[in-house]
Amino acid sequence: MLLALEQAKLAEQIDEVPIGCVIVCDGQVIGRGHNRRIVDSDPTAHAEMIAIRQAAAARGDWRLEDCELFVTLEPCPMCTGAAVLARIRRIVFGPTDPKAGACGTLMNLAADPRLNHRIEVTGGVLGDQCRLVLQSFFRRQRQMGKNG
């Protein structure tokens, strides 16, 4: 999760919402990402999506069954859906996201029995530290008159 926090700080440096993600397989990081929606003008450029694409490219396979995804905020429906499609084994996240969390807070796509794959989920890992990075970013955005 500390590596995911490093990715979040990279997002913050380019004035993106500071969310970071790493994907680990067999103890090795094979995918990294941080939010790039504004920089790339791409609504799908979430940290998780970037990391999943990178991990699949590194493996030469879209199936990431033995991989774990670490992210600094509970994934949204798009990112959780992508993790399900990639067959990610486990998602580990920081704080919950009451506005868009799809791993148990707003909905639970990770465990939906109607889907063909379910993901083990562990939430709250370094939750306070991850939350502080986000809160500080949005506080600064408000002080500058930005919506964030």
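Look up: the structure comes first, before these words.
### Describing the nonpolar core
Among the nonpolar cores identified, the biggest contains 30 residues, and Ile23, Ile52, Leu69, Ile88 and Ile91 are the most heavily contacted of them. Elements that contribute at least two residues to this core include exactly β1 (20–25), α3 (47–59), β3 (67–71), α4 (77–85), β4 (90–93) and α5 (127–143). Residue contacts for isoleucine 52: discarding those within four places in its chain leaves Ile23, Leu64, Leu69, Cys79, Ala82, Ala83 and Ala86. The next biggest cluster of nonpolar side chains, apart from the first, holds nine residues, and it includes Ala4, Leu5, Phe70 and Val133.

### Focus: the sheet that holds β4
Spatially, five strands are ordered β2-β1-β3-β4-β5 in an open sheet, and the strand pairing comes out mixed. A strand with exactly one partner marks an edge of an open sheet, and here the two such strands are β2 (28–34) and β5 (120–122). Strand-to-strand twist of the sheet, defined as the mean angle between neighbouring strand axes without regard to direction, takes the value 15°. Two elements, β4 and β5, share three bridges in a ladder whose sense is parallel. Across the sheet, valine 92 pairs through a bridge with threonine 122, a residue of β5. In this fold helix α1 (residues 2–13) packs onto β1, β2 and β3, with an angle of close to 145° to the strand it touches most, β1.

Criteria and cut-off values
- Residues numbered from 1 in each chain as written.
- Predicted model: local features only at pLDDT ≥ 70, side-chain atom pairs only at ≥ 80, totals over all residues.
- Heavy atoms only, no water.
- Core = buried A, V, L, I, M, F, W, Y, C linked by side-chain atoms within 4.5 Å.
- Buried < 20%, exposed > 50% of the residue type's maximum accessible area, 1.4 Å probe, protein only.
- Helix = DSSP H or I, 4+ residues; strand = E, 2+ residues; numbered from the N terminus.
- Contact = heavy atoms within 4.5 Å.
- Pairing = 2+ DSSP bridges.
- Axes fitted to C-alpha atoms, helices over the stretch in contact; angles between N-to-C directions.

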